[in-house]
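Remarks on the overall topology
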Amino acid sequence: VESYPLIIVGSGPAGTGTALHLHRRDPALAREALILEKARHPRNKVCAGGLIPSAVERLAGLDIELRVPHVRVTSTEVTTPSRKVELSDGDLCWVIRRAEFDAALVEACRERGLAIREGEAVLALERDGRGVRVRTTGGTYHARMVVGADGSGSIVRRRLVGEDRRRMARAVMCDVPLSDGTWSGFVSQRYDFDFRQVAGGLPGYRWAFPCWIDGRPHVNVGIYSLEPLGVDVNRSLSDYLDAFTNQPARRQAFPIHYYRPGAPLAAPHVLLVGDAAGADPLMGEGISLALEYGALAAAAAQRALETGDFSGAGYQRAVEASPLGKKLRRLCMVTRLFYGRGWRLWFALAERSVRLRTLGIRWYNGIDGWDRRSGWEALRALLTT
Ligand SMILES: Cc1cc2nc3c(=O)[nH]c(=O)nc-3n(C[C@H](O)[C@H](O)[C@H](O)COP(=O)(O)OP(=O)(O)OC[C@H]3O[C@@H](n4cnc5c(N)ncnc54)[C@H](O)[C@@H]3O)c2cc1C
(Lines give C-alpha, C1' and ligand atoms only; values in the text may rest on other atoms or scores of the structure.)
Protein backbone atom coordinates (compact mmCIF):
# COMPACT_ATOMS: atom_id res chain seq x y z
CA VAL A 1 0.00 0.00 0.00
CA GLU A 2 1.48 3.34 -1.10
CA SER A 3 0.89 6.15 1.41
CA TYR A 4 0.32 9.83 0.58
CA PRO A 5 -0.58 12.82 2.69
CA LEU A 6 -3.13 13.81 0.06
CA ILE A 7 -4.86 12.05 -2.83
CA ILE A 8 -6.95 14.04 -5.30
CA VAL A 9 -9.47 11.92 -7.22
CA GLY A 10 -10.12 13.38 -10.68
CA SER A 11 -8.16 15.74 -12.91
CA GLY A 12 -10.81 18.06 -14.30
CA PRO A 13 -10.50 21.76 -13.39
CA ALA A 14 -11.45 21.05 -9.75
CA GLY A 15 -8.71 18.44 -9.30
CA THR A 16 -5.95 20.27 -11.16
CA GLY A 17 -7.17 23.55 -9.63
CA THR A 18 -6.78 22.12 -6.12
CA ALA A 19 -3.32 20.77 -6.94
CA LEU A 20 -2.15 24.03 -8.54
CA HIS A 21 -3.43 26.11 -5.62
CA LEU A 22 -1.71 23.76 -3.18
CA HIS A 23 1.50 24.13 -5.18
CA ARG A 24 1.21 27.88 -4.84
CA ARG A 25 0.84 27.61 -1.06
CA ASP A 26 3.33 24.82 -0.40
CA PRO A 27 5.23 23.38 -3.40
CA ALA A 28 6.88 20.60 -1.36
CA LEU A 29 3.56 19.37 0.03
CA ALA A 30 1.95 19.53 -3.43
CA ARG A 31 4.74 17.33 -4.82
CA GLU A 32 3.99 14.74 -2.14
CA ALA A 33 0.35 14.50 -3.26
CA LEU A 34 -1.06 12.19 -5.92
CA ILE A 35 -3.80 12.84 -8.49
CA LEU A 36 -5.69 9.77 -9.72
CA GLU A 37 -7.56 10.02 -13.03
CA LYS A 38 -9.58 7.25 -14.63
CA ALA A 39 -9.30 8.64 -18.19
CA ARG A 40 -6.26 9.59 -20.23
CA HIS A 41 -5.79 13.19 -21.36
CA PRO A 42 -6.72 14.62 -23.75
CA ARG A 43 -10.10 13.15 -22.81
CA ASN A 44 -13.56 14.17 -23.91
CA LYS A 45 -15.76 15.95 -21.36
CA VAL A 46 -19.35 16.77 -22.25
CA CYS A 47 -19.32 20.55 -21.78
CA ALA A 48 -20.06 23.72 -23.75
CA GLY A 49 -16.65 25.00 -22.68
CA GLY A 50 -17.61 28.56 -21.75
CA LEU A 51 -15.05 30.20 -19.45
CA ILE A 52 -16.52 33.22 -17.71
CA PRO A 53 -14.10 36.09 -16.97
CA SER A 54 -13.66 35.07 -13.32
CA ALA A 55 -12.39 31.65 -14.48
CA VAL A 56 -9.78 33.26 -16.72
CA GLU A 57 -8.80 35.61 -13.89
CA ARG A 58 -8.36 32.64 -11.54
CA LEU A 59 -6.16 30.91 -14.10
CA ALA A 60 -4.03 34.05 -14.46
CA GLY A 61 -3.64 34.00 -10.66
CA LEU A 62 -2.11 30.54 -11.08
CA ASP A 63 0.20 31.84 -13.85
CA ILE A 64 -1.74 29.97 -16.51
CA GLU A 65 -2.44 31.70 -19.79
CA LEU A 66 -5.24 30.62 -22.10
CA ARG A 67 -3.14 29.14 -24.92
CA VAL A 68 -5.59 26.50 -26.20
CA PRO A 69 -7.80 27.37 -29.21
CA HIS A 70 -10.73 29.53 -28.09
CA VAL A 71 -13.40 31.92 -29.33
CA ARG A 72 -13.69 35.21 -27.50
CA VAL A 73 -17.33 36.22 -26.94
CA THR A 74 -18.20 39.90 -26.61
CA SER A 75 -21.95 40.00 -27.10
CA THR A 76 -25.05 37.97 -26.35
CA GLU A 77 -28.57 37.59 -27.61
CA VAL A 78 -30.99 36.44 -24.93
CA THR A 79 -34.49 35.32 -25.85
CA THR A 80 -36.81 35.55 -22.85
CA PRO A 81 -40.35 34.10 -22.84
CA SER A 82 -41.63 37.31 -24.42
CA ARG A 83 -38.83 39.10 -26.28
CA LYS A 84 -35.27 39.24 -27.54
CA VAL A 85 -32.65 41.36 -25.78
CA GLU A 86 -29.07 42.01 -26.79
CA LEU A 87 -26.14 42.93 -24.65
CA SER A 88 -22.48 43.68 -25.20
CA ASP A 89 -20.24 44.64 -22.30
CA GLY A 90 -16.58 43.86 -22.98
CA ASP A 91 -15.44 40.27 -22.71
CA LEU A 92 -18.28 37.97 -21.71
CA CYS A 93 -16.75 34.56 -22.22
CA TRP A 94 -14.02 32.50 -23.86
CA VAL A 95 -15.17 29.22 -25.39
CA ILE A 96 -12.66 26.36 -25.25
CA ARG A 97 -12.87 22.61 -25.87
CA ARG A 98 -12.47 20.68 -22.68
CA ALA A 99 -10.21 17.96 -24.10
CA GLU A 100 -7.59 20.63 -24.88
CA PHE A 101 -8.22 22.83 -21.86
CA ASP A 102 -8.10 20.06 -19.24
CA ALA A 103 -5.01 18.53 -20.87
CA ALA A 104 -3.29 21.93 -20.66
CA LEU A 105 -4.07 22.15 -16.93
CA VAL A 106 -2.69 18.64 -16.41
CA GLU A 107 0.43 19.68 -18.32
CA ALA A 108 0.77 22.73 -16.05
CA CYS A 109 0.63 20.39 -13.03
CA ARG A 110 3.32 18.15 -14.50
CA GLU A 111 5.53 21.16 -15.27
CA ARG A 112 5.36 21.99 -11.55
CA GLY A 113 6.43 18.46 -10.63
CA LEU A 114 2.99 17.24 -9.47
CA ALA A 115 2.20 13.53 -9.76
CA ILE A 116 -0.77 12.38 -11.86
CA ARG A 117 -1.62 8.78 -12.65
CA GLU A 118 -3.93 8.54 -15.63
CA GLY A 119 -5.94 5.52 -16.69
CA GLU A 120 -6.47 4.56 -13.05
CA ALA A 121 -10.08 4.57 -11.79
CA VAL A 122 -10.94 4.70 -8.11
CA LEU A 123 -13.17 1.71 -7.35
CA ALA A 124 -13.62 1.85 -3.59
CA LEU A 125 -12.83 4.07 -0.62
CA GLU A 126 -12.92 3.22 3.05
CA ARG A 127 -12.16 5.37 6.07
CA ASP A 128 -9.89 3.96 8.76
CA GLY A 129 -8.72 5.65 11.96
CA ARG A 130 -5.86 7.52 10.23
CA GLY A 131 -7.31 8.42 6.86
CA VAL A 132 -8.77 6.74 3.79
CA ARG A 133 -7.87 3.53 1.96
CA VAL A 134 -8.32 4.00 -1.78
CA ARG A 135 -8.59 0.98 -4.08
CA THR A 136 -8.12 1.62 -7.79
CA THR A 137 -7.80 -0.39 -11.00
CA GLY A 138 -4.03 -0.15 -10.44
CA GLY A 139 -3.55 -0.84 -6.73
CA THR A 140 -4.33 0.24 -3.18
CA TYR A 141 -3.30 3.51 -1.55
CA HIS A 142 -3.64 5.21 1.79
CA ALA A 143 -4.13 8.95 2.22
CA ARG A 144 -4.51 11.15 5.31
CA MET A 145 -6.79 13.38 3.24
CA VAL A 146 -8.78 12.73 0.06
CA VAL A 147 -10.13 15.48 -2.20
CA GLY A 148 -13.12 14.33 -4.25
CA ALA A 149 -12.73 16.13 -7.58
CA ASP A 150 -14.38 13.34 -9.52
CA GLY A 151 -17.30 15.24 -10.97
CA SER A 152 -21.07 15.01 -10.75
CA GLY A 153 -21.28 11.24 -10.13
CA SER A 154 -18.45 11.42 -7.55
CA ILE A 155 -17.65 8.04 -5.98
CA VAL A 156 -15.87 9.94 -3.18
CA ARG A 157 -19.11 11.76 -2.33
CA ARG A 158 -21.24 8.62 -2.58
CA ARG A 159 -18.94 6.45 -0.45
CA LEU A 160 -17.62 8.90 2.13
CA VAL A 161 -19.93 11.91 2.39
CA GLY A 162 -23.44 10.86 1.37
CA GLU A 163 -25.58 10.75 -1.75
CA ASP A 164 -28.12 13.40 -2.65
CA ARG A 165 -30.02 12.49 -5.81
CA ARG A 166 -32.33 15.51 -5.56
CA ARG A 167 -29.67 17.88 -6.81
CA MET A 168 -29.22 16.67 -10.38
CA ALA A 169 -29.72 18.70 -13.53
CA ARG A 170 -29.42 17.42 -17.07
CA ALA A 171 -27.62 18.85 -20.07
CA VAL A 172 -27.64 17.59 -23.65
CA MET A 173 -25.47 19.12 -26.36
CA CYS A 174 -24.16 18.67 -29.90
CA ASP A 175 -21.42 20.22 -31.99
CA VAL A 176 -22.53 21.46 -35.40
CA PRO A 177 -20.00 22.45 -38.11
CA LEU A 178 -20.62 25.92 -39.50
CA SER A 179 -20.01 25.95 -43.18
CA ASP A 180 -22.81 27.88 -44.78
CA GLY A 181 -23.25 30.97 -42.61
CA THR A 182 -26.52 29.68 -41.12
CA TRP A 183 -25.64 31.31 -37.79
CA SER A 184 -24.10 34.76 -37.40
CA GLY A 185 -22.84 34.17 -33.83
CA PHE A 186 -19.42 32.85 -34.78
CA VAL A 187 -18.34 35.84 -36.86
CA SER A 188 -19.94 38.35 -34.52
CA GLN A 189 -18.35 36.73 -31.43
CA ARG A 190 -21.76 36.18 -29.87
CA TYR A 191 -23.38 33.49 -27.77
CA ASP A 192 -27.13 32.98 -27.55
CA PHE A 193 -29.41 31.93 -24.70
CA ASP A 194 -33.04 30.95 -25.14
CA PHE A 195 -35.34 30.96 -22.10
CA ARG A 196 -38.61 30.82 -24.07
CA GLN A 197 -39.54 27.38 -22.80
CA VAL A 198 -39.55 28.49 -19.16
CA ALA A 199 -43.12 29.53 -20.01
CA GLY A 200 -43.89 25.92 -21.01
CA GLY A 201 -42.43 24.43 -17.81
CA LEU A 202 -38.69 24.06 -18.62
CA PRO A 203 -36.60 24.93 -15.55
CA GLY A 204 -33.67 25.78 -17.80
CA TYR A 205 -32.64 27.14 -21.20
CA ARG A 206 -31.12 26.37 -24.59
CA TRP A 207 -27.82 27.78 -25.78
CA ALA A 208 -25.61 28.27 -28.84
CA PHE A 209 -21.88 28.90 -28.31
CA PRO A 210 -19.32 29.52 -31.07
CA CYS A 211 -16.27 27.24 -30.87
CA TRP A 212 -13.29 25.84 -32.80
CA ILE A 213 -13.11 22.10 -33.30
CA ASP A 214 -10.10 20.72 -35.19
CA GLY A 215 -9.44 24.17 -36.62
CA ARG A 216 -12.96 24.53 -38.03
CA PRO A 217 -15.71 26.87 -36.83
CA HIS A 218 -18.58 25.12 -35.05
CA VAL A 219 -21.56 25.99 -32.92
CA ASN A 220 -22.14 24.06 -29.71
CA VAL A 221 -25.90 23.81 -29.23
CA GLY A 222 -27.50 22.45 -26.09
CA ILE A 223 -30.23 22.38 -23.50
CA TYR A 224 -29.94 22.59 -19.71
CA SER A 225 -32.71 21.65 -17.31
CA LEU A 226 -33.13 21.05 -13.62
CA GLU A 227 -34.90 17.80 -12.74
CA PRO A 228 -37.78 17.05 -12.90
CA LEU A 229 -37.39 18.08 -16.53
CA GLY A 230 -40.79 19.68 -17.21
CA VAL A 231 -40.54 19.30 -21.00
CA ASP A 232 -39.16 16.67 -23.40
CA VAL A 233 -35.58 17.98 -23.59
CA ASN A 234 -34.60 15.91 -26.62
CA ARG A 235 -37.53 17.21 -28.62
CA SER A 236 -36.90 20.75 -27.44
CA LEU A 237 -33.25 20.46 -28.54
CA SER A 238 -34.36 19.10 -31.96
CA ASP A 239 -36.64 22.12 -32.46
CA TYR A 240 -33.84 24.52 -31.51
CA LEU A 241 -31.31 22.70 -33.71
CA ASP A 242 -33.47 23.26 -36.79
CA ALA A 243 -32.19 26.85 -36.88
CA PHE A 244 -28.57 25.64 -37.15
CA THR A 245 -28.57 22.54 -39.34
CA ASN A 246 -30.69 20.13 -41.31
CA GLN A 247 -28.19 17.29 -40.76
CA PRO A 248 -28.48 14.82 -37.87
CA ALA A 249 -26.11 15.84 -35.05
CA ARG A 250 -24.58 13.50 -32.47
CA ARG A 251 -25.96 14.22 -28.99
CA GLN A 252 -23.99 13.95 -25.79
CA ALA A 253 -25.71 14.09 -22.42
CA PHE A 254 -24.31 14.44 -18.93
CA PRO A 255 -25.81 15.04 -15.46
CA ILE A 256 -24.85 18.12 -13.45
CA HIS A 257 -24.80 17.85 -9.65
CA TYR A 258 -25.63 21.32 -8.37
CA TYR A 259 -25.14 23.10 -5.06
CA ARG A 260 -27.77 23.39 -2.33
CA PRO A 261 -27.25 25.51 0.82
CA GLY A 262 -26.31 23.36 3.78
CA ALA A 263 -25.33 20.31 1.72
CA PRO A 264 -22.32 18.48 3.20
CA LEU A 265 -19.08 19.35 1.39
CA ALA A 266 -16.74 17.48 3.71
CA ALA A 267 -16.50 14.56 6.11
CA PRO A 268 -13.61 13.30 8.24
CA HIS A 269 -10.49 13.06 6.00
CA VAL A 270 -12.52 14.10 2.91
CA LEU A 271 -13.17 17.38 1.04
CA LEU A 272 -15.38 17.76 -2.02
CA VAL A 273 -14.64 20.23 -4.82
CA GLY A 274 -16.14 21.20 -8.18
CA ASP A 275 -19.18 19.30 -9.45
CA ALA A 276 -18.71 16.68 -6.73
CA ALA A 277 -19.54 19.48 -4.26
CA GLY A 278 -22.05 21.32 -6.42
CA ALA A 279 -22.22 23.47 -9.57
CA ASP A 280 -24.38 26.51 -10.39
CA PRO A 281 -28.07 25.47 -10.52
CA LEU A 282 -29.11 28.47 -12.66
CA MET A 283 -26.96 27.90 -15.76
CA GLY A 284 -25.01 24.72 -14.98
CA GLU A 285 -21.72 26.65 -15.00
CA GLY A 286 -18.98 24.98 -13.02
CA ILE A 287 -15.47 25.69 -14.31
CA SER A 288 -14.90 28.98 -12.47
CA LEU A 289 -16.51 27.49 -9.36
CA ALA A 290 -14.29 24.40 -9.61
CA LEU A 291 -11.20 26.62 -9.54
CA GLU A 292 -12.59 28.55 -6.57
CA TYR A 293 -13.45 25.40 -4.61
CA GLY A 294 -9.89 24.25 -5.40
CA ALA A 295 -8.36 27.32 -3.75
CA LEU A 296 -10.34 26.74 -0.54
CA ALA A 297 -9.70 22.98 -0.51
CA ALA A 298 -5.95 23.49 -0.95
CA ALA A 299 -5.92 25.82 2.07
CA ALA A 300 -8.04 23.38 4.12
CA ALA A 301 -5.91 20.34 3.19
CA GLN A 302 -2.69 22.18 4.08
CA ARG A 303 -4.18 23.26 7.42
CA ALA A 304 -5.44 19.75 8.24
CA LEU A 305 -2.03 18.22 7.52
CA GLU A 306 -0.34 20.85 9.69
CA THR A 307 -2.73 20.70 12.65
CA GLY A 308 -3.90 17.08 12.52
CA ASP A 309 -7.56 18.21 12.51
CA PHE A 310 -9.06 16.12 9.71
CA SER A 311 -12.71 16.70 10.64
CA GLY A 312 -13.42 18.73 7.48
CA ALA A 313 -15.56 21.16 9.53
CA GLY A 314 -13.25 24.08 8.81
CA TYR A 315 -13.59 23.57 5.05
CA GLN A 316 -17.38 23.45 5.22
CA ARG A 317 -17.36 26.73 7.20
CA ALA A 318 -14.75 28.29 4.92
CA VAL A 319 -16.79 27.58 1.77
CA GLU A 320 -20.01 28.83 3.33
CA ALA A 321 -18.39 32.06 4.57
CA SER A 322 -16.46 32.72 1.35
CA PRO A 323 -17.48 34.74 -1.72
CA LEU A 324 -17.92 31.33 -3.42
CA GLY A 325 -20.49 30.25 -0.80
CA LYS A 326 -22.26 33.59 -1.07
CA LYS A 327 -22.39 33.38 -4.86
CA LEU A 328 -23.70 29.81 -4.75
CA ARG A 329 -26.47 30.77 -2.30
CA ARG A 330 -27.47 33.73 -4.46
CA LEU A 331 -27.49 31.52 -7.56
CA CYS A 332 -29.88 29.16 -5.75
CA MET A 333 -32.14 32.10 -4.95
CA VAL A 334 -32.08 33.47 -8.52
CA THR A 335 -32.83 29.94 -9.79
CA ARG A 336 -35.97 29.82 -7.64
CA LEU A 337 -37.05 33.24 -8.93
CA PHE A 338 -36.50 32.68 -12.66
CA TYR A 339 -37.54 29.01 -12.88
CA GLY A 340 -40.22 29.14 -10.18
CA ARG A 341 -43.86 30.23 -10.29
CA GLY A 342 -42.99 33.93 -10.29
CA TRP A 343 -40.88 33.72 -13.48
CA ARG A 344 -43.06 36.27 -15.34
CA LEU A 345 -42.18 39.06 -12.92
CA TRP A 346 -38.43 38.39 -12.91
CA PHE A 347 -38.11 38.04 -16.66
CA ALA A 348 -40.21 41.21 -17.09
CA LEU A 349 -37.85 43.17 -14.82
CA ALA A 350 -34.78 41.85 -16.66
CA GLU A 351 -36.37 42.67 -20.04
CA ARG A 352 -37.16 46.24 -19.04
CA SER A 353 -34.03 47.31 -17.21
CA VAL A 354 -30.73 47.55 -19.09
CA ARG A 355 -29.03 48.38 -15.77
CA LEU A 356 -30.36 45.25 -14.12
CA ARG A 357 -29.21 43.10 -17.05
CA THR A 358 -25.75 44.66 -17.14
CA LEU A 359 -25.29 44.37 -13.40
CA GLY A 360 -26.62 40.81 -13.43
CA ILE A 361 -24.11 39.72 -16.05
CA ARG A 362 -21.26 41.53 -14.31
CA TRP A 363 -22.19 39.81 -11.05
CA TYR A 364 -22.44 36.42 -12.76
CA ASN A 365 -19.15 36.86 -14.61
CA GLY A 366 -17.30 38.35 -11.64
CA ILE A 367 -16.45 41.61 -13.48
CA ASP A 368 -15.03 44.44 -11.32
CA GLY A 369 -15.49 42.27 -8.23
CA TRP A 370 -19.30 42.43 -8.48
CA ASP A 371 -19.60 38.82 -7.31
CA ARG A 372 -17.88 39.88 -4.10
CA ARG A 373 -19.92 42.97 -3.30
CA SER A 374 -22.93 43.30 -1.02
CA GLY A 375 -26.57 43.38 -2.07
CA TRP A 376 -26.77 47.00 -0.83
CA GLU A 377 -23.99 48.06 -3.15
CA ALA A 378 -25.78 46.40 -6.05
CA LEU A 379 -29.04 48.14 -5.12
CA ARG A 380 -27.28 51.51 -4.88
CA ALA A 381 -25.70 50.97 -8.30
CA LEU A 382 -29.08 50.06 -9.75
CA LEU A 383 -30.74 53.17 -8.40
CA THR A 384 -27.99 55.71 -9.00
CA THR A 385 -25.75 54.84 -11.99
C1 LIG B 1 -23.51 19.83 -21.48
C2 LIG B 1 -22.75 20.60 -20.43
C3 LIG B 1 -22.36 21.91 -20.71
C4 LIG B 1 -21.62 22.62 -19.77
N5 LIG B 1 -21.19 23.88 -20.12
C6 LIG B 1 -20.43 24.57 -19.25
C7 LIG B 1 -19.89 25.83 -19.62
O8 LIG B 1 -20.09 26.32 -20.73
N9 LIG B 1 -19.13 26.50 -18.71
C10 LIG B 1 -18.88 25.99 -17.47
O11 LIG B 1 -18.18 26.64 -16.68
N12 LIG B 1 -19.35 24.79 -17.10
C13 LIG B 1 -20.12 24.06 -17.96
N14 LIG B 1 -20.57 22.82 -17.60
C15 LIG B 1 -20.21 22.30 -16.28
C16 LIG B 1 -18.75 21.84 -16.27
O17 LIG B 1 -18.56 20.87 -17.27
C18 LIG B 1 -18.40 21.29 -14.89
O19 LIG B 1 -18.85 22.18 -13.90
C20 LIG B 1 -16.91 21.06 -14.72
O21 LIG B 1 -16.45 20.08 -15.61
C22 LIG B 1 -16.60 20.63 -13.28
O23 LIG B 1 -15.26 20.28 -13.16
P24 LIG B 1 -14.82 19.10 -12.17
O25 LIG B 1 -13.35 19.07 -12.24
O26 LIG B 1 -15.52 19.25 -10.89
O27 LIG B 1 -15.44 17.77 -12.82
P28 LIG B 1 -15.11 17.07 -14.20
O29 LIG B 1 -14.71 18.05 -15.22
O30 LIG B 1 -16.29 16.19 -14.49
O31 LIG B 1 -13.85 16.17 -13.91
C32 LIG B 1 -13.94 15.02 -13.12
C33 LIG B 1 -12.75 14.12 -13.46
O34 LIG B 1 -12.76 13.01 -12.56
C35 LIG B 1 -12.51 11.82 -13.28
N36 LIG B 1 -13.12 10.73 -12.55
C37 LIG B 1 -14.44 10.49 -12.37
N38 LIG B 1 -14.63 9.38 -11.64
C39 LIG B 1 -13.39 8.90 -11.33
C40 LIG B 1 -12.92 7.78 -10.60
N41 LIG B 1 -13.77 6.89 -10.06
N42 LIG B 1 -11.59 7.59 -10.50
C43 LIG B 1 -10.71 8.47 -11.05
N44 LIG B 1 -11.10 9.55 -11.76
C45 LIG B 1 -12.43 9.77 -11.90
C46 LIG B 1 -13.15 12.08 -14.64
O47 LIG B 1 -12.59 11.24 -15.64
C48 LIG B 1 -12.84 13.55 -14.86
O49 LIG B 1 -11.60 13.74 -15.53
C50 LIG B 1 -21.31 22.06 -18.51
C51 LIG B 1 -21.71 20.76 -18.23
C52 LIG B 1 -22.43 20.03 -19.17
C53 LIG B 1 -22.84 18.62 -18.84
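Residues numbered from 1 in each chain as written. Predicted model: local features only at pLDDT ≥ 70, side-chain atom pairs only at ≥ 80, totals over all residues. Heavy atoms only, no water.

Quick look at the overall build of the protein now. Across its full length, the protein holds 12 helices and 16 strands. Here the C-alpha atoms of the protein give a radius of gyration of 21 Å, agreeing with the 21 Å that 2.2 N^0.38 yields for 385 residues. Taken along its principal axes, the extent of the C-alpha atoms in the protein is 60 × 45 × 40 Å. Going through the 385 residues of the protein one by one, you find that 56% of them count as buried. Long-range contacts, defined here as pairs at least 24 residues apart, represent 73% of the contacts in the protein between residues at least 6 apart. Of the roughly 16,700 Å² of accessible surface on the protein, 51% is carried by carbon and sulfur atoms. When the 53 positive and 42 negative side-chain charges of the protein are each reduced to one mean point, those points stand 5 Å apart. (Helix = DSSP H or I, 4+ residues; strand = E, 2+ residues; numbered from the N terminus. Rg over C-alpha atoms; globule rule 2.2 N^0.38 Å. Buried < 20%, exposed > 50% of the residue type's maximum accessible area, 1.4 Å probe, protein only. Contact = heavy atoms within 4.5 Å. Areas by Shrake-Rupley, 256 points an atom, 1.4 Å probe, with all protein chains shown as cover. Lys, Arg positive; Asp, Glu negative; His and termini not counted. Charge placed at Lys NZ, Arg CZ, Asp CG, Glu CD.)

Counted according to the given criterion, the structure contains 15 salt bridges. For Asp102, the salt bridge identified is with Arg43, shortest N-O distance 2.7 Å. With a gap of 59 residues between them, Asp102 in helix α4 (residues 98–111) and Arg43 in the loop between β2 (34–36) and β3 (50–51) connect regions that are remote in the sequence. With respect to class, Asp102 is no different from Arg43; both count as buried. With a shortest N-O distance of 2.9 Å, Asp102 and Arg98 are connected by a salt bridge. A residue pair is termed a helical-turn pair when its members lie 3 or 4 positions apart in one helix, as Asp102 and Arg98 do in helix α4 at 4 residues. Shared partners join several salt bridges into a network, and the residues in it are Arg43, Arg98 and Asp102. (Salt bridge = Lys/Arg side-chain N within 4 Å of Asp/Glu carboxyl O.)

The next subject is the site of the ligand. Inspection of the region around the ligand gives 36 residues, with Glu37, Gly50, Arg98, Val122 and Asp275 positioned closest. Here Gly50 contributes a backbone N or O atom positioned 2.8 Å from a nitrogen atom of the ligand. Between the ligand and the protein, one listed contact pairs a nitrogen atom with a backbone N or O atom of Gly284 at 3.3 Å. Coverage of the ligand by the protein chains reaches 93% of its 990 Å² of free accessible surface. Mapped onto the shell around the ligand, the elements with two or more residues apiece are α1 (13–25), β10 (168–177), β12 (204–213) and β14 (252–257). The residue inventory of the shell around the ligand, partitioned by class, reads 18 nonpolar, 9 polar and 9 charged. (Near = heavy atom within 4 Å. Polar contact = N/O pair within 3.5 Å; in protein donor to acceptor, adjacent residues only side chain to side chain. Nonpolar A, V, L, I, M, F, W, Y, C, P; charged D, E, K, R; others polar.)

Axis angle and axis distance: for two packed helices, these are the angle between their axes and the distance between the axes, and together they describe the pair. In the contact formed by helix α8 (residues 313–321) and helix α9 (residues 323–339), the axes pass within 4 Å of each other and the chain directions differ by 65°. Counting all contacts with α8, which are made through Val319, Glu320 and Ala321, the residues of α9 involved are Pro323, Leu324, Gly325, Lys326 and Arg329. (Axes fitted to C-alpha atoms, helices over the stretch in contact; angles between N-to-C directions.)

Keep in mind these numbers describe shape, not what the thing actually does.
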